[in-house]
Amino acid sequence: MHKSLKKFYSGKINRLKTYKTIINNFFSLSTLEIINYIIPIATLPYLVRVLGPTKYGIVIFAQALVTYFVIAADYGYYLGAPRKVAINRDNTENLSRIFTSIMSIKFLFMTIYSIVFLVIICSVKKFASEALVYLFSFGNILGDFLFPTWFFQGIEKMNFITIFYFIAKSFFLIMIFLFVKSPADYFYVPLFNNLGIIIAGILAIYFIRKNYKIKLMKLDINELRKEIEDEFPYFLTTLSTNAYTNSAPFILGLFADSTFVGYYSAAERLIRAVQRLLWAGSQSVYPHINRIITQSRAMGLKFIRKFFIIFCGSFLLISILIFFTANLIIEILLGSQYGESVVVLRILSILPFVISISNILGIQTMIPLGLIKIYSRILFTAMIFNILLSVLLARQYQHIGISIAVVLTEFFIVIAILILLKLKKVDRQILFGGKDI
């Protein structure tokens, strides 16, 4: 009796510790998202007035261009790396080998894309005339390389991400108000933005090596080649996701007036604000799920089911709330001139709920179960489906059509994942609590 009580209370304590860690990680990532909103809000009115539309437009375009290089150079490690770290977080030697491998490959891709970027800047007249801005903007790829977000996610210490990121953004905020005084100072914006991330990245790596005893190890070239091959499905997943989530305004702009792009984009930004909350919740449990599912598949699927009910139930309520208050939301946040955005917001309001389902069944289930290759193919197919459907509907129904295309793409992903999980016989245990056959 004594032993059974001890085991019972020990289990209760471990569960409480787990929930505390997840909640702390969620609030840390939520704080990070708030910082991501507050800093732009604090600097945007100042920058657009001081720089003017032309210089500010150059800065934004340079950032947009560099973003594609950052995504490519990351090589999908934002998904794959936290999983590896989570599974091996209690083994310092394995962590050192993982850290060395990831940093080596990220450095390789950073070098390759740096050369490609320099060739583009030097050969294209439009870019060459603003070379300094593009070069400073490209510092973002160095910042992404140095800032090991994936490591802190893997060890489930997201509060460190928030601390170091706050240092970077605070540096940017102070430098902008100190040095940007006229349109001629526009090149300082990407310089200080990326310099802050680089400084924070250096501090973060020093912190990791000191506190987690991580050492750089000598790796065989075959190890690195295998790592690149193994990581490719994660890269394909990242590339496909970014392609189909960011292509809607561009495709709409090809077939409709920019006014319709404005109607769509305004509503989409509101939905993306909610999706940031979804992302924070998802990333809070992702390392934990990967760790426990390697220890016990049954326990992992049981935890996923509990999280599925809470997570998806919460975003179902949010979707319903957005649908019925769409008119009020647009009126308060955007103004009466965006009346056409109301119907777009109502169509897109289902996205938080649908994406929460695909997130749990895809990222939180398929990846930990080792089904990343199948998952990446689903997303790649969804990307093709989205582009074809978007072209078809945007041409005929403008902002309404593109909204429907986005929603149907997300439904396509959920249905495809459900079919694959049914074939793998894990759908019943997650959705209905049935036994894993």
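Being a predicted model, the structure only gives us computed values, none of them experimental. (Residues numbered from 1 in each chain as written. Predicted model: local features only at pLDDT ≥ 70, side-chain atom pairs only at ≥ 80, totals over all residues. Heavy atoms only, no water.)

Caption draft 1: Main features of the overall build of the chain. What the chain contains, in helices and strands, is 17 helices and zero strands. A sequence separation of at least 24 residues applies to 81% of the contacts in the chain between residues at least 6 apart. Within the structure as shown, the chain displays about 21800 Å² of accessible surface, and the carbon and sulfur contribution to it stands at 68%. (Helix = DSSP H or I, 4+ residues; strand = E, 2+ residues; numbered from the N terminus. Contact = heavy atoms within 4.5 Å. Areas by Shrake-Rupley, 256 points an atom, 1.4 Å probe, with all protein chains shown as cover.)

Caption draft 2: Molecular detail of the packing of helix α2 (residues 77-87) against helix α10 (residues 221-246). In the contact formed by α2 and α10, the axes pass within 8 Å of each other and the chain directions differ by 130°. With respect to each other, α2 and α10 are oriented oblique. In contact with Y77, Y78, L79, G80, A81, R83 and K84 of α2, α10 contributes E227, E231, Y234, T237 and T238. Of the residues assigned to the contact of α2 with α10, the class counts are five nonpolar, three polar and four charged. (Axes fitted to C-alpha atoms, helices over the stretch in contact; angles between N-to-C directions. Parallel < 35°, antiparallel > 145°, perpendicular 65-115°, else oblique. Nonpolar A, V, L, I, M, F, W, Y, C, P; charged D, E, K, R; others polar.)

Caption draft 3: The packing of aromatic side chains, seen in detail. Evaluated as defined, the whole model comprises 26 aromatic pairs. An angle of 75° between the planes, with centres 6.3 Å apart, marks the rings of F171 and F192 as edge-to-face. Taken together, the positions of F171 in helix α8 (residues 158-179) and F192 in helix α9 (residues 188-211) put the pair 21 residues apart, joining distant regions of the chain. Take F171: its relative accessible area is 24%, and that puts it in the partly exposed class. Among the aromatic residues, those joined into a ring-pair cluster are F136, F171, F179, Y186, F187, Y188 and F192. Its guanidinium or amino end placed over the ring of F323, R346 lies 5.8 Å from that ring's centre, counting from NZ or CZ. (Phe/Tyr/Trp six-rings, centres within 6.5 Å; stacked < 30°, edge-to-face > 60°. Buried < 20%, exposed > 50% of the residue type's maximum accessible area, 1.4 Å probe, protein only. Lys NZ or Arg CZ within 6 Å of the ring centre and 35° of its normal.)

Caption draft 4: Focus on the nonpolar core. Formed by 60 residues in total, the largest nonpolar core has its most connected members in F117, W150, F151, F152 and V189. The element that contributes the greatest number of residues to this core is helix α1 (residues 2-74), accounting for eleven residues. Among the nonpolar cores identified, the runner-up in size contains 58 residues, and A248, L301, F303 and L361 belong to it. (Core = buried A, V, L, I, M, F, W, Y, C linked by side-chain atoms within 4.5 Å.)

Caption draft 5: The side chain of K106, seen in detail. In this fold, K106 is placed in helix α3 (residues 92-123). A distance of 3.4 Å separates the side chain of K106 from the side chain of D144, its partner in a polar contact. Not counting the four nearest positions on each side in its chain, K106 is found in contact with A73, D74, Y77, D144, F145 and W150. (Polar contact = N/O pair within 3.5 Å; in protein donor to acceptor, adjacent residues only side chain to side chain.)

Caption draft 6: A look at the confidence of the model for the chain. Taken as a whole, the chain shows an average pLDDT of 79; of its residues, 86% reach a score of 70 or greater. Across residues 5-10, confidence stays below pLDDT 50; counting only partners more than four residues off in sequence or on other chains, it has zero contacts. (pLDDT = per-residue confidence, 0-100.)

Caption draft 7: Focus on the environment of R89. Here R89 is to be found in the loop between α2 and α3. With 62 residues separating them in the primary sequence, R89 and F151 have C-alpha atoms 9.4 Å apart. When residues no more than four places from it in sequence are discounted, the contact partners of R89 are L95, G154, I155, E156 and R291.

Caption draft 8: Molecular detail of the packing of helix α13 (residues 297-333) against helix α14 (residues 341-348). Contact geometry of α13 with α14 gives a least axis separation of 9 Å together with a crossing angle of 150°. With respect to α14, the axis of α13 lies roughly antiparallel. At the point where α13 passes α14, the crossing takes the right-handed sense. From α13, I322, F323, A326, N327, I329 and I330 reach across to α14, where they touch S341, V342, L345 and R346. Across the contact of α13 with α14, the residue classes break down as seven nonpolar, two polar and one charged. (Left-handed = near helix turned anticlockwise from the far one by under 90°.)

Caption draft 9: Representation of α2 in the model. The element α2 is extensively covered by neighbouring structure, given that eight of its eleven residues are classed as buried. Among the residues making up α2, those that are buried are Y77, L79, G80, A81, P82, R83, V85 and A86.

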